[in-house]
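# A closer look at the structure
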Amino acid sequence: MNGFHGRYWRFDLSRGEGEMVTIPETILRRYLGGVGLGTWLLHREAPANVDPLAPEAPLIFSFSPLVGTPLTTSAKLAVVAKSPLTGFISDGLSSSHFAIAGKRMGVDAIVLVGACAEPSELVLGALQPTRLWRKTPREADEALSKHGRVAAIGIAGENGVRFATISNDGRHAGRGGLGAVLGAKRLKALVVDGELPTPVADPKAVTRLARDLSKRSLGHATAKYRDLGTVANLAAFNRIAALPTRNFQRSRFDQGDALSAETLKPAREVARTSCASCTIGCEHVYGFGDEKRTRIEYESLFALGPLCGIGDPEAVLAAAGRCDALGLDTVSAGGTIAFAMECAERGYLPDAPHFGDAEGLLALLDDIAHRRGLGDLLAEGSRIAAERIGHDSIAFAPQVKGLEIPGYEPRALQTLALGFAVGARGADHNKSGAYEIDFSDRVDRLHGNARSAALSLETENRAALTDSLILCKFLRGVFDDLYAESAELVRAVTGWNVDGEELEALARRVVAARKAFNVREGWTPEDDSLPERFLSEALEDGPSSGARLTHERLQEMIRSYNLARGWSEQGYLPDAVMRDLSLEPSPADPTHAGPQVDP
Amino acid sequence: MHAGIVLCGGRSSRMGRAKAWLPWQGRPMVAHVVERLSEVVDEVVVVSSEQLDLPPLPARVVRDREPELGPLAGIREGLAHVKGELAYVTATDAPFLTPEFVKTMLSYGKAAAPEVDGIVQPLAAVYPRSALACASSLLESDRRRPLALLEAQDYRRVDAAELTGCEDAVRGFNTPEEYLAAVRTSGDDSPVVLELLGRAQLAAGRREIETPVGTLAEVLAAAPPELELVQEGRVARHHLVSIDGRSFLRDLRVPIGPGEHVIVLDASVGG
């Protein structure tokens, strides 16, 4: 088989034993890799209604057919599990050498099940006690990198913070609490390496396509990321009043200029770096404090800055660096703390810091990671915290399905608001790129309607494909026809005679499979919504002034979305869609292929 | 008691952007017209389409449920929401409308419409609230011309020569050229502000450039050429352009009015 090894490594941490499990080629062709394959494996490996933090809950590292090729941005993996934050699917992407090293073990995915008896590390298949517990992910990486490539958790993961990350190469599989799943298994780190390259069907074609894609990746379409990074979003969003501020109470931040890329770059940028196998180079590193430095993305900047009412770049950069060291998802950390700040403002949480309190923010990040005091409550995420605080605070807890909302004001970007509401992972700008539609002349961004639904759906399909190939979404502007051009890549790597139409069907299948997992785990139509704040309060600021969403408008968009997908009006999957998913019973089932060979 | 009805549910297709938002005398066109009407009527109802958001107005805004049926459906919607016995109906692009003209038209005490160069002007006319049922039945029988409603009301046809300000009252603009020509003779010389964000700002070394009113193409031409804001007759693919941060556009022919801000963003904003 070209592009794949046709098997995954299933390691039971309770028994300390691994086995190879065959993946049928038909499945690989229907799901590719990354999020697609990871979702299929999650269906297969996760017992129904499993507690995400129970030993039986699987944690899946899913590679892809393009990993290991010279195609730019292809060194990526998806980490897939049932989220302890949402109770639904969570699939975080990460770019790193871990993906290349992991695939060179001769597998298309690694599935961890069970739990260690004591804090441990899994190094090249050997499970051993770890001395790295309580260390930062970077310290764990430095200690273990002599053996191979490392994925590790921080203190937040060890303590079961429901929005803890898994870190590798300084990047994070960030959203949904994947680090807490690894922490519940008492596994500090996973180290991989191998010698098995993956053959490709047409090496000359792959080289030619890789050269062409690299060349295109250096053009206008990616220039923003190269020149300024995602941080460039801040000034743009602030200008159009779509920048979530003070826990979504405002959509403009009066200290925004100090945090903008246009200000940070000349004053603080000290380096620009790239992920593994990437020609774009979107990572911008900024200096702060006493010769400290950290990279920062827009999502971290907005969540730890405007969302918490903090405009001091020193404080925001320090907070972003602290989240990296603790292994915290910056969006959920910032969102949950901003929620607590509003609770303090309303008198519901007297001990919480107030908006603009930078020292309070930094202290609370540590308290969350260590589950100390108020931090113990906030480590549960804003939804559970709101349920415990009461006072109808759930109305302004900034989350969908439990996942904190990223840095896009839904009332100001109403096509994306739909994407947030129906997102399988929760509010998710990575799985719905509908902001592209809002930033266009195709819709009125302040007035979502049924047309928004069809356009939103298309961006979700494209994301499902790129997340399964896997390629970086920052390449999205270089493709004229994503499906046809991706098919050319897949043909060259796998030798399969696929075309754009087949990949578009695959993308729809991946979206449906993610939804099917949620339905299996108890999803109901009421889960596809937005917090009451977004459906009852109008925006007040700048060009978004007066923008409002209503229950009726959102429901109409959701209904249109479900019907456009071929699902029921409520969002359930018809039998024909379910049959197309080719789901299989778990390995406990007698028909399971069983172990083949140890690595 | 008299009412005013402003119709702004049209598609403004030749203009390329909603006429209601075109700046006139320092405010959006619809606000200007509402203000002029308010000087002589007791209430103003603005009939808009579901898709068009409007600026804050001292008027009641209602949605045209069937904008595809044309202006008669808008008139029906307006009549359904007025309290006054008579309503003066105007299109939203009536920058030269005077309160005196409206007052004269309402003084006839019945349906009335001016005739300019032999053409009756049903969108600068007075309709009685009691015409509501007739408007509905006309639409049901697929007769969509507002003139049919006037005719069914035994309306008074008024020769333009009898009316002061009549030709101005019916003078609107349907194209960017007509609008810009009107602006240039209006005495409002407020500049357009071209705002550069992101890479464009760093490359230009400044955030704002002031330039006279003009089409979007003319406004973008004020930026340093190395920014390449225009390519192949359209806004370049790697840029986004927004008017005042509300709507995004790519059509270089649309007019940009006095005081408006044209914001240039990277196309890959988001993500």
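All names here are of chain A. Scanning the model with the defined rule gives zero disulfides over all chains in all. Cys-343 takes part in no disulfide bond, and the closest cysteine sulfur to it belongs to Cys-308, at a distance of 13 Å. A relative accessible area of 0% places Cys-343 in the buried class.

This part takes up helix H1 (residues 29–38) of chain B. Across the ten residues that make up H1(B), a large majority, seven, are buried. Those residues of H1(B) lying buried are B:Met29, B:Val30, B:Ala31, B:His32, B:Val33, B:Val34 and B:Leu37.

Sizing a probe to match a water molecule and rolling it over the atoms shows the empty space that remains. In this structure, the second largest pocket occupies an estimated 1400 Å³ of space. Lining the second largest pocket are 48 residues, and of these A:Glu436, A:Arg476, A:Gly477, A:Phe479 and B:Arg237 lie nearest its centre. Elements represented by at least two residues in the lining of the second largest pocket include exactly helix H7 (203–216), helix H8 (223–227), helix H19 (435–438), helix H20 (450–469) and helix H21 (482–494) of chain A together with strand E15 (234–235) and strand E17 (247–249) of chain B. Take the lining of the second largest pocket: its biggest share by element is four residues, from H20(A). When its residues are assigned to classes, the lining of the second largest pocket shows 18 nonpolar, 13 polar and 17 charged.

Residue and element names in this part refer to chain A. Omega for the peptide link from Leu-469 to Ile-470 comes to -10°, which places this bond in the cis form. With respect to the helices and strands, the residue Ile-470 is situated in the loop between H20 and H21. In this model, Thr-73 sits at a positive phi of 70°, which is unusual for a non-glycine residue. With respect to the secondary-structure elements, Thr-73 resides in the loop between strand E3 (59–62) and strand E4 (76–82).

Residue and element names in this part refer to chain A. Tallying each qualifying case throughout the model produces four cavities of 30 Å³ or more. In terms of lining residues, the largest cavity is bounded by 41 residues, among which Leu-93, Arg-171, His-172, Glu-297 and Asn-430 are the most central. Looking at the lining of the largest cavity, the elements with two or more residues in it are strand E5 (89–95), strand E11 (171–173), helix H12 (298–304), helix H13 (313–326) and helix H14 (330–346). Sort the elements by how many residues they give to the lining of the largest cavity and E5 lands first, with five residues. Across the lining of the largest cavity, the residue classes break down as 14 nonpolar, 13 polar and 14 charged.

All names here are of chain A. Taken together, three strands build an open sheet; the order of strands is E13-E14-E15 and the sheet is antiparallel. Every other strand in the sheet has two partners, leaving strand E13 (269–273) and strand E15 (292–295) as the edge strands with one partner each. Each adjacent strand pair in this sheet contributes to an overall mean axis angle of 25°, direction not counted. Sheet analysis places E13 next to strand E14 (residues 283–288), joined by four bridges and oriented antiparallel. By the bridge assignment for E14, Arg-272 is matched with His-284. Here helix H11 (residues 261–268) sits on the sheet and contacts E13 and E14; the angle it forms with E14, its principal contact strand, is near 65°. Against the sheet, H13 makes contact with E14 and E15, and its axis sits at roughly 115° relative to E14, the strand it touches most.

Attention shifts here to the pairing of strand E9 (residues 124–128) of chain B. Residue and element names in this part refer to chain B. Here E9 lies mainly inside the structure; five of its five residues are buried. Burial along E9 is two-sided: Ala-124, Val-126 and Pro-128 facing one way and Ala-125 and Tyr-127 facing the other are all buried. Bridge count for strand E6 (residues 86–91) against E9 is five bridges, and the pairing is antiparallel. Within the sheet, the bridge partner assigned to Leu-86 lies in E9 and is Pro-128.

Our focus in this paragraph is the side chain of B:Thr90. By secondary structure assignment, the location of B:Thr90 is in strand E6. Once residues within four sequence positions are removed from consideration, B:Thr90 is found in contact with B:Ile5, B:Val6, B:Leu7, B:Val33, B:Leu37, B:Leu97 and B:Leu123.

With the rule as written, the count across this model stands at 21 aromatic pairs over all chains. Each residue in the set A:Phe237, A:Tyr298, A:Phe302, A:Tyr408, A:Phe420, A:Tyr435, A:Phe439 and B:Phe248 is aromatic and connected to the rest through ring pairs, giving one cluster. Here the guanidinium or amino end of A:Arg346 rests over the ring plane of A:Phe396, the centre of that ring lying 4.2 Å away. Directly above the aromatic system of A:Trp523 lies the positively charged group of A:Lys515, at a separation of 3.9 Å from the ring centroid.

With that settled, the discussion passes to the domain arrangement of chain B. Residues and elements named next belong to chain B. Considered domain by domain, chain B is made up of domain 1 (2–184) and domain 2 (192–266). For domain 1 and domain 2, the distance between their C-alpha centroids amounts to 33 Å. In this assembly, twelve residues from domain 1 lie in contact with 13 residues from domain 2. Considering only the side of domain 1, the residues that lose the most area to domain 2 are Arg-17, Pro-23 and Leu-180, jointly responsible for 45% of the buried surface there. Across the contact surface, domain 1 and domain 2 share two salt bridges.

Next up on the list: the confidence of the model for chain A. Taken over all residues, the pLDDT of chain A has a mean of 95, while the share at 70 or more is 97%. Predicted confidence for residues 588–599 of chain A stays below pLDDT 50, and this span has 21 contacts to residues more than four positions away or in other chains.

Counted residue by residue, helix H2 (residues 71–81) of chain B has eight buried out of eleven residues, so it is predominantly covered. For H2(B), every residue scored as buried is listed here: B:Leu72, B:Ala73, B:Gly74, B:Ile75, B:Arg76, B:Glu77, B:Gly78 and B:Leu79.

All right, on to the interface of chain A and chain B then. Contact residues are listed per partner, giving 35 residues for chain A and 29 residues for chain B. Between chain A and chain B the total buried area reaches about 2600 Å² when both faces are included, carbon and sulfur atoms providing 53% of it. Note that B:Arg207 and A:Asp257 form a salt bridge whose closest N and O atoms lie 3.8 Å from each other. Counting the contacts that link chain A with chain B gives 15 residue pairs in polar contact (both at pLDDT 80 or more). The element that contributes the greatest number of residues to the side of chain A that touches chain B is helix H9 (residues 233–239) of chain A, accounting for five residues.

All names here are of chain A. Domain annotation of chain A identifies domain 1 (7–192), domain 2 (206–404) and domain 3 (414–580). Its C-alpha centre places domain 1 at a distance of 26 Å from the equivalent point of domain 3. Contact residues are listed per partner, giving 40 residues for domain 1 and 36 residues for domain 3. Carbon and sulfur atoms make up 62% of the surface buried where domain 1 meets domain 3, a total of about 3200 Å² over both sides. Contact with domain 3 buries surface across domain 1, with Arg-29, Arg-30 and Phe-88 losing the most and accounting together for 22% of the total. Applying the counting rule to domain 1 against domain 3 returns six salt bridges. Of the charged contacts in the structure, one is a salt bridge between Asp-580 and Arg-30, with a shortest N-O distance of 2.6 Å. For the pair domain 1 and domain 3, the interface holds 22 residue pairs in polar contact (both at pLDDT 80 or more). Of all the secondary-structure elements, those providing two or more residues to the side of domain 1 that touches domain 3 are helix H1 (25–31), helix H2 (34–45), E4 and E5.

Looking now at a negative patch on the surface. Negative charge collects at one region of the surface, where A:Glu458, A:Asp481, A:Asp499, A:Glu501 and A:Glu504 lie side by side. Tracing the sequence through the fold places A:Glu458 in helix H20.

Conventions used here
In this numbering scheme, every chain counts its residues from 1 along its sequence in written order. For this description, chains carry letters from A and ligands carry numbers from 1, given in the order in which they are written. Where totals are concerned, whole chains, interfaces and linings use all residues; where local detail is concerned, this predicted model gives features only for residues with pLDDT of at least 70, and gives and counts side-chain atom pairs only at 80 or more. Calculation of side-chain values draws on the structure's entire complement of heavy atoms; hydrogens and water are dropped beforehand. The disulfide definition used here is simple: a pair of cysteine sulfur atoms within 2.5 Å. For each residue, the accessible area found with a 1.4 Å probe, counting protein chains only, is set against the maximum for its type, and the residue is called buried under 20%, exposed over 50%, and partly exposed in between. The secondary structure listing takes helices from DSSP runs of H or I that are at least 4 residues long and strands from runs of E that are at least 2 residues long, numbered from the N terminus. Think of a 1 Å grid over just the protein atoms. A cavity is a set of points where a 1.4 Å probe fits yet cannot get out, a pocket is an open set with protein on both sides within 12 Å along at least five of seven lines, and lining residues have an atom within 4 Å of a point. Grid points are joined across faces, edges and corners, and a volume is the space filled by probe spheres set on the points. Here the nonpolar group is Ala, Val, Leu, Ile, Met, Phe, Trp, Tyr, Cys and Pro; Asp, Glu, Lys and Arg are the charged ones; every other residue, Gly included, is treated as polar. Strand pairing is defined by DSSP finding a minimum of two bridges between the two strands. For helices, the fitted axis covers only the stretch in contact; all axes are lines through C-alpha atoms, and the angles between them, taken along N-to-C directions, range from 0 to 180 degrees. Two residues qualify as a contact provided that any one of their heavy atoms is within 4.5 Å of a heavy atom in the partner residue. Pairing of aromatic rings covers Phe, Tyr and Trp, the last counted by its six-membered ring, and requires centre-to-centre distances within 6.5 Å; plane angles under 30 degrees mean stacked, over 60 mean edge-to-face, and any other angle means tilted. Think of it as a cone above the ring: NZ of Lys or CZ of Arg counts as a charge over the ring if it is within 6 Å of the ring centre and within 35 degrees of the ring normal. Domain borders in the structure are assigned automatically or taken from a domain database. Two parts lose some accessible area (1.4 Å probe) when they are put together, and adding that loss for both gives the buried area. Salt bridge, as used here, is a side-chain nitrogen of Lys or Arg placed within 4 Å of a carboxyl oxygen of Asp or Glu. Confidence of the prediction at every residue is given by pLDDT, a number between 0 and 100. As used in this structure description, the phrase polar contact means that two N or O atoms lie within 3.5 Å; if the pair is within protein, one of them must be able to donate a hydrogen and the other to accept it, and residues adjacent in sequence are counted only when both atoms belong to side chains. A patch is a set of surface residues, each over 30% in relative accessible area and not in a salt bridge, joined within 9 Å for like charges and within 5 Å for the nonpolar side chains Val, Leu, Ile, Met, Phe, Trp and Tyr. Reported accessibility uses the Shrake-Rupley method at a 1.4 Å probe radius. Residues are deemed covered only where the shown protein chains occlude them. When charges are counted, Lys and Arg are positive and Asp and Glu negative, with His and the chain ends excluded. A charged residue contributes its charge at one atom only: NZ of Lys, CZ of Arg, CG of Asp or CD of Glu.

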